[in-house]
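The primary structure of each chain is shown beneath.
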Amino acid sequence: MKGKFITFEGGEGVGKTTQLRLIREYLEDKGVDAVFLREPGGNEISEKIREVILDRANFDMTGMCEALLYSAARAQLCEKVIRPALEKGKLVICDRFTDSTFAYQGVARGLGADKIETMNNLACGEIVPDLTVFLDLRPELAFRRKGGADENDRLEQEGMDFHLKVYEGYRLACSRYGDRIVDIDCSSEAEVTHKKIIDALEQRGILTR
Ligand code: TMP
């Protein structure tokens, strides 16, 4: 496909929102036309699925139900939004993608990495990121920096054990998909992390200097 597809990944409170804002501003300054999406969401049907997944009233949801809902939202996003944009040659940047399901449902919820890999392949087919930016920060540090978990978010309300497993899941994804994932240490200030991300995008030929 003509375009390039970049995804951003990481646990809660690692500064993903800030980094996405910084890269958006950077690209706007350079006059690069990019499509920004978030998962789960990015189109009407997937946003509705997002509401179901994140609703605290749905505390009884099984891990498998959760994984399939994320995959359903992603299948819709891939076919209706990401593929057409890539075919037009756009740069597509997505806030979370398949590695989130791998880390959260596959490892943290214990559904199994192989099972989730199969599910991800089914949902996305050939839509695979050209580069995944993993914002690497241990959860103890991330929550301290963030000042605690959001009480309206069902997933953030999980205990520290869960978030440590999510981190483990991302580490496993980094070793399994090392050719596509770049591990960015983000324990320093946001501007330092931003610079590392731009360097990684330039090194991979996604952005030019
Ligand atoms: P956000 O905090 O980046 O908006 O993401 C929403 C929540 O959904 C977050 O707790 C991570 C979780 N999530 C999964 O558990 N599996 C997935 O596949 C995705 C995309 C998100």
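All of the points below concern the structure found in this document. (Residues numbered from 1 in each chain as written. Predicted model: local features only at pLDDT ≥ 70, side-chain atom pairs only at ≥ 80, totals over all residues. Heavy atoms only, no water.)

## Comments concerning helix H3 (residues 63–87)
Then, number 1: For H3, with 25 residues, the first-to-last C-alpha span of 34 Å sits near the 36 Å given by 1.5 Å per residue.
Then, number 2: At Cys78, H3 shows its maximal kink, close to 45°. (Helix = DSSP H or I, 4+ residues; strand = E, 2+ residues; numbered from the N terminus. Expected span 1.5 Å × (residues − 1). Bend = angle between axes of the 7 residues up to and from the residue.)

## Observations concerning the layout of surface pockets
Then, number 1: Counted as a void, the second largest pocket has a volume near 180 Å³.
Then, number 2: Considering the residues around the second largest pocket, the lining is formed by 14 residues, among which Thr98, Asn120, Asn121, Val128 and Arg180 are closest to the centre.
Then, number 3: Of all elements in the fold, only helix H4 (98–108) and helix H5 (113–124) reach the threshold of two or more residues within the lining of the second largest pocket.
Then, number 4: In terms of residue count, the dominant contributor to the lining of the second largest pocket is H5 (four residues).
Then, number 5: Residue composition of the lining of the second largest pocket, grouped by class: seven nonpolar, four polar and three charged. (1 Å grid on protein atoms, 1.4 Å probe; cavity = no way out; pocket = protein on both sides within 12 Å on 5 of 7 lines; lining within 4 Å. Points joined across faces, edges and corners; volume = space filled by probe spheres on them. Nonpolar A, V, L, I, M, F, W, Y, C, P; charged D, E, K, R; others polar.)

## Some words on the nonpolar core
Considering soluble globular proteins, one finds that nonpolar side chains tend to be buried as a cluster.
Then, number 1: Ranked by internal contacts, the top residues of the largest apolar core, which has 22 residues, are Ile6, Phe8, Val133, Ile197 and Leu201.
Then, number 2: For this core, the secondary-structure elements that each account for two or more residues are strand S1 (4–9), helix H1 (16–30), strand S3 (91–95), strand S4 (131–136), strand S5 (181–185) and helix H8 (190–203).
Then, number 3: Broken down by element, the residue count for this core peaks at four residues, all from H8.
Then, number 4: When sequence neighbours within four positions are dropped, the list of residues in contact with Ile6 reads Leu91, Val92, Ile93, Cys94, Leu131, Val133, Leu201 and Ile206.
Then, number 5: Met119, Phe162, Tyr167 and Ile181 belong to the second largest nonpolar core, which has 19 residues in total. (Core = buried A, V, L, I, M, F, W, Y, C linked by side-chain atoms within 4.5 Å. Buried < 20%, exposed > 50% of the residue type's maximum accessible area, 1.4 Å probe, protein only. Contact = heavy atoms within 4.5 Å.)

## Things to note about the environment of Ile82
Then, number 1: Residue position: Ile82 is located in helix H3.
Then, number 2: Counting along the chain gives 19 residues from Ile82 to Gly63, while the straight-line C-alpha distance between them is 26 Å.
Then, number 3: If near-sequence neighbours (up to four positions away) are discounted, Ile82 is found in contact with Phe5, Leu37, Leu77, Val92, Phe97 and Ile127.

## A look at empty space enclosed by the protein
Then, number 1: Tallying each qualifying case throughout the model produces one cavity of 30 Å³ or more.
Then, number 2: Taken together, 13 residues form the lining of the largest cavity, with Gly11, Glu12, Leu137, Pro139 and His163 sitting closest to its centre.
Then, number 3: Broken down by secondary-structure element, the contributors of at least two residues to the lining of the largest cavity are S4, helix H6 (139–146) and helix H7 (160–176).
Then, number 4: Take the lining of the largest cavity: its biggest share by element is four residues, from H7.
Then, number 5: Broken down by class, the residue content of the lining of the largest cavity amounts to nine nonpolar, three polar and one charged.

## Regarding the site of the ligand
Then, number 1: The environment of the ligand is made up of 12 residues, and the closest members are Glu12, Tyr70, Arg96, Thr101 and Gln105.
Then, number 2: Contact distances for the ligand include 2.8 Å between an oxygen atom and a side-chain N or O atom of Glu12.
Then, number 3: Relative to its unbound accessible surface of 480 Å², the ligand loses 92% to contact with the protein.
Then, number 4: Counting residues per element, the ones that place at least two in the shell around the ligand are H3 and H4.
Then, number 5: With four residues, the top contributor of residues to the shell around the ligand is H4.
Then, number 6: Residue composition of the shell around the ligand, by class: three nonpolar, three polar and six charged. (Near = heavy atom within 4 Å. Polar contact = N/O pair within 3.5 Å; in protein donor to acceptor, adjacent residues only side chain to side chain. Areas by Shrake-Rupley, 256 points an atom, 1.4 Å probe, with all protein chains shown as cover.)

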